[in-house]
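# Summary of structural features
So you can see what is in the structure, the chains are spelled out below.
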Amino acid sequence: MDAPAAGCAFEYLIETLNDSSRKKFFNVPRLGGTKYDVLPYSIRVLLEAAVRNCDGFLMKEQDVMNILDWKARQRHVEVPFVPARVLLQDFTGIPAMVDFAAMREAVKTLGGDPKKVHPARPTDLTVDHSLQIDFSKCAIQNAPNPGGGEPPKAGKLSPLKAQPKKVPCRGQTACRGPCGSGEPGRSSGKFSSQIENTPILCPFHLQPVPEPETVLKNQEIEFGRNRERLQFFKWSSRVFRNVAVVPPGAGAAHQVNLERLSRVVFEEDGLLFPDSVVGTDSHITMANGLGVLAWGVGGIETEAVMLGLPVSLTLPEVVGCELIGSSNPFVTSIDVVLGITKHLRQVGVAGKFVEFFGSGVSQLSIVDRTTIANMCPEYGATLSFFPVDNVTLKHLEHTGFDKAKLESMETYLKAVKLFRNDQKNSGEPEYSQVIQINLSSIVPSVSGPKRPQDRVAVADMKRDFQACLNEKVGFKGFQIAAEKQSDAVCLQYEGGEYRLCHGSVVIAAVISCTNNCNPSVMLTAGLLAKKAVDAGLRVNPYIRTSLSPGSGMATHYLSASGVLPYLSQLGFEIVGYGCSTCVGNTAPLSEAVLNAIKQGDLVTCGVLSGNRHFEGQLCDCVRANYLASPPLVVAYAIAGTVNIDFQTEPLGTDPAGRHVYLQDIWPSQEEVRQMEEERVILPMFKTLKEKIEVGNKWWNSLEAPDSVLFPWDVKSTYIRCPSFFDKLTKEPAAIQPIENAHVLLYLGDCVTTDHISPAGSIARSSSAAKYLTHRGLTPREFNSYGARRGNDAVMTRGTFANVKLFNKFIGKPAPKTVHFPSGQTLDVFEAAELYQKEGIPLIILAGKKYGSGNSRDWAAKGPYLLGVKAVLAESYEKIHKDHLIGIGIAPLQFLPGENADSLGLSGRETFSLMFPEELSPGVTLNIKTSTGRAFRARAAFENDVEVTLYKHGGLLNFVARRFS
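Presented here is a report on the structure given in the accompanying data block. Computed from a predicted model, the values in this text were never measured in an experiment. (Residues numbered from 1 in each chain as written. Predicted model: local features only at pLDDT ≥ 70, side-chain atom pairs only at ≥ 80, totals over all residues. Heavy atoms only, no water.)

### As for the overall build of the protein chain
Summing up its helical and strand segments, the protein chain has 32 helices and 34 strands in all. Taken across its 964 residues, the protein chain has 57% of its residues classed as buried. For the protein chain, long-range pairs separated by at least 24 residues make up 73% of all intrachain contacts whose partners lie at least 6 apart in sequence. Working note: accessible area of the protein chain is about 39,100 Å², and carbon and sulfur atoms make up 49% of it. (Helix = DSSP H or I, 4+ residues; strand = E, 2+ residues; numbered from the N terminus. Buried < 20%, exposed > 50% of the residue type's maximum accessible area, 1.4 Å probe, protein only. Contact = heavy atoms within 4.5 Å. Areas by Shrake-Rupley, 256 points an atom, 1.4 Å probe, with all protein chains shown as cover.)

Written out as structure tokens, the structure is:
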């Protein structure tokens, strides 16, 4: 629960909110005074959680004081953090939920009430990793020649032979698009994959149509293939009080978290506190853009939080990123996001918190903020935090937050000084380091004329193009003689007369591809088109223009915002959905244009908002090609040339003969943001809400038990009651000595969790494959270790099954070891199984940095179920060491300067050690071997909590006893 911890030492800080709601909250600023006022906002969230959860054991008063004294204690102390909630995706969620189901069995066996077993924290589980693409439909539209001389064929469903049934467009029989009646010569089946949670539209009539058959077929197979797992998830959502399952088809975990699950301010039993979340998805950092403290952790950490334990972290440095100045008028949100990301990567913020402040923050929309926060892996930060401000509240209002709730939220956040404003005052946060980014230094740019890495600032475009004409033929140059650079050719086209010259634009394609799928840049292009048409500007008809949105959703918001007709008037009509111009599928230029280019040997240009533009790719006669944002594509099309300085030269003239410059028609960021919030965000959130609350027909009709205990199916190869609780007793027994233990594996330095944990496909010769084959499965039915994480028998057999594992007993990479009593070389599981039958305990010898790499729960669970009692290593990755303790394996560490080699250990001897009756953190133990050697090693327990967990045989046993 997130009510105040029992015996909380800071209950005196609880106050009543001074508004109509009369809700309670911890007034943490009272605790620290001026010390609190200079804390970064992200650290204030850590502090509030520590105050609220201070119970004297898992969270101590000293932990609270350490966080309050962040300025002096950063980097030097470990602090616990209790997040408000947990987010799981299905692959990492299933072992956690299986453990809870098994715990209910264990509690009942001990005579307790299994109904009391619930996650301690609200847990959302999104089923988003189960979908496989069994059916696909690929079609390239408007491709005059796909490359082999054959005409383009209609998209086919695979593996089905029959064509899908076409869906009429609300009775519109004259539809010319994919939803048409399938007349001869019409293209069919051209719907491409859609953006998640968006309505599918007929691109020609803009009417909603049912989801494509590919989506429905894939969902149907997903439910069939994963039926056992989905039934288990549904049972979990019914019987566990704090578990909510987001059904398949709703979207990806991080996106659903951002759009639906984030509360910003949590409320529980009338108590308000900041929303925060940890989860098993690296993209969870997106939520920091919404003011929700969030970062990704491993499976065991999330399970520990669900079981009521805090996450441990080194009190982090916080880099303050001050945004100042105003964006260049022609800069898009994508330019800003990529500019900030590039700057952070150059500064070096690995392993740190980043927090944004300054007047420039208000210029960033929530979409921009969450994109920056989501790109943490790009620049190495743990998280990038944007405190809640007026922009956040306005966004939440558009997403359907209740007005009264928003008012209480604002009052609360201001009361605890978690609401950011642009007014500088005496209570400004202080940071470990401050970097400053002037938004005015981020300039709009294009890439070209031949390679995407050759960026050119728009302001330098004219000068750069002229330099390219002069340079020798190469990556940028065209080597046009100086006397020919002013050449022009008269072009007669559709009754009009035009001049083509070097730099003339002949192809202009707006594509919502890769980073340009951001709605803001497409809306900017649409608003620019509207203002251009209103000003009387037009695009020359010989320019091959096109608009290819990434999905029906792009069409939807362009239409709903009213800008689509203006794009059409400029020639940017929707040509279809799919890759076209990027991959060279541009309709041929007219003969008149081709002849004029050849006659003048002109360097003409293509401009597109795609992701590739190699020389000659768009058309072999178009030598210069530039990648640009969608609005710049429209601008260059109107200008008719790239050989222009937008600052000083007009795009054209209005009907009255007045010059019209780009700055006259470029939409403001506020215009774009308002349209994005009203026309894009709100419909998306409404659709997502319906998908989560209503579900889909397969999920709704899926039968699942509602019994207190899960009815395990002994024949199941996906879900199995694990054996973690097999020897559980009501009270923990005294710590047993480890006597005559054999070494299962003798490993070197830098053994990663990937070497230990089961991952990837199941090899046909592996122990896991033998287990599945024995149960009647064929290799085609093995699936992956990830899909079978709910079956401990499969996962145990996959532990140390990595073919790159180097065991010194074997002398080469192989998932093998030696069973010393018999002398046999066996799979690691088979050897461990023999040792367990013989009642022989096991240890692992290792070098430096044992357990490095990503956090993986089965890197600790697997060795435990193999019978490993201790690991003896030179050093550990801290997170993995914590996992070993959490599962009940003793992490032992050689004394400084010592290792297996220096002590003369071969690994073939047996090891014995005893634990003192009063085990304490960092105690030194005596270890004896069967060869008569004796040495000392340190038990790497760092605090009383870790000692307590080990005495109980691990975290799961500790919590099970508390429920009994």
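That shown, we press on.
### Here's the deal with the pairing of strand β9 (residues 276-279)
By the alternation rule, side chains of β9 split into Ser276 and Val278 and Val277 and Gly279, which are all buried. Direction of pairing for strand β4 (residues 85-89) relative to β9: parallel, over a ladder of three bridges. From the neighbouring strand, Arg85 faces β9, where its bridge partner is Val277. Relative to strand β10 (residues 293-296), β9 is paired through four bridges, and the arrangement is parallel. Bridge pairing links Val277 to Ala294 in β10. (Pairing = 2+ DSSP bridges.)

### Some words on the packing of helix α29 (residues 858-865) against helix α30 (residues 878-887)
Axis angle and axis distance: for two packed helices, these are the angle between their axes and the distance between the axes, and together they describe the pair. Relative orientation of the contacting elements α29 and α30 amounts to 40°, with a least axis distance of 9 Å. As the angle between them shows, α29 and α30 are arranged oblique. When you trace α29 past α30, the crossing you get is right-handed. Facing Ala859, Ala860, Lys861 and Tyr864 of α29, the residues of α30 in contact are His880, His883, Leu884 and Ile887. Considered class by class, the residues forming the contact of α29 with α30 number five nonpolar, two polar and one charged. (Axes fitted to C-alpha atoms, helices over the stretch in contact; angles between N-to-C directions. Parallel < 35°, antiparallel > 145°, perpendicular 65-115°, else oblique. Left-handed = near helix turned anticlockwise from the far one by under 90°. Nonpolar A, V, L, I, M, F, W, Y, C, P; charged D, E, K, R; others polar.)

### Remarks on the pairing of strand β7 (residues 265-268)
Note: β7 against strand β8 (residues 271-274), four bridges, orientation antiparallel. Note that in β8 the partner of Phe266 across the bridge is Phe273. Linking two consecutive strands that pair antiparallel, namely β7 and β8, is a turn of two residues; a positive phi of about 55° is found at Asp269 within it.

### Some words on the packing of aromatic side chains
Across all of its chains, the model carries 26 aromatic pairs by this definition. Centroid distance Phe724 to Tyr864: 6.2 Å. Interplanar angle 40°. Geometry classified as tilted. Of this pair, Phe724 sits in the loop between α24 (697-701) and β26 (738-746) while Tyr864 is found in helix α29, placing the two residues 140 residues apart along the sequence. Grouped by ring-pair contacts, the aromatic residues Phe100, Phe232, Phe233, Trp235, Phe240, Phe710 and Trp712 constitute a single cluster. A cation over an aromatic ring shows up here: Lys414 above the ring of Phe419, its NZ or CZ 5.0 Å from the ring centre. Between Arg451 and the ring centre of Phe475, over which it is positioned, the NZ or CZ distance is 4.0 Å. (Phe/Tyr/Trp six-rings, centres within 6.5 Å; stacked < 30°, edge-to-face > 60°. Lys NZ or Arg CZ within 6 Å of the ring centre and 35° of its normal.)

### Focus: the sheet that holds β8
Taken in spatial order, the four strands of this open sheet run β1-β2-β8-β7, and their pairing is mixed. Each edge of the open sheet carries a strand with a single partner, namely β1 (14-16) and β7. Averaged over all pairs of adjacent strands, the angle between their axes in this sheet comes to 35°, without regard to strand direction. Relative to strand β2 (residues 24-26), β1 runs antiparallel, the two being bridged by three bridges. Residue pairing across strands places Ile14 opposite Phe26, the latter belonging to β2. Along the sheet, helix α3 (residues 41-52) contacts β2 and β8; its crossing angle with β8, the most-contacted strand, is approximately 140°.

### Details of the environment of Asn242
Tracing the sequence through the fold places Asn242 in the loop between α8 (227-239) and β6 (243-246). Placed 122 residues apart in sequence, Asn242 and Ala120 show a C-alpha to C-alpha distance of 7.4 Å. Contact partners of Asn242, with chain neighbours within four places excluded, come to Pro119, Ala120, Arg121, Pro122 and Thr123.

### Points about the nonpolar core
Membership of the largest hydrophobic core comes to 185 residues, with the highest contact counts inside it found for Phe232, Trp295, Phe800 and Tyr850. A per-element tally of this core places helix α6 (residues 90-109) first, with ten residues. Ignoring sequence-local partners within four residues, the contact set of Trp295 consists of Leu46, Phe81, Val277, Val278, Gly279, Ile284, Thr285, Val311, Leu313, Phe353, Thr382 and Leu383. One finds Cys468, Ala508, Val510 and Met675 within the second-largest nonpolar core, a separate group that totals 75 residues. (Core = buried A, V, L, I, M, F, W, Y, C linked by side-chain atoms within 4.5 Å.)

### Concerning the side chain of Ser365
The topology assignment puts Ser365 in the loop between β13 (353-357) and α12 (366-374). For Ser365, a relative accessible area of 6% translates into the label buried. Discounting chain neighbours no more than four positions away, the residues touching Ser365 are Arg673 and Glu676.

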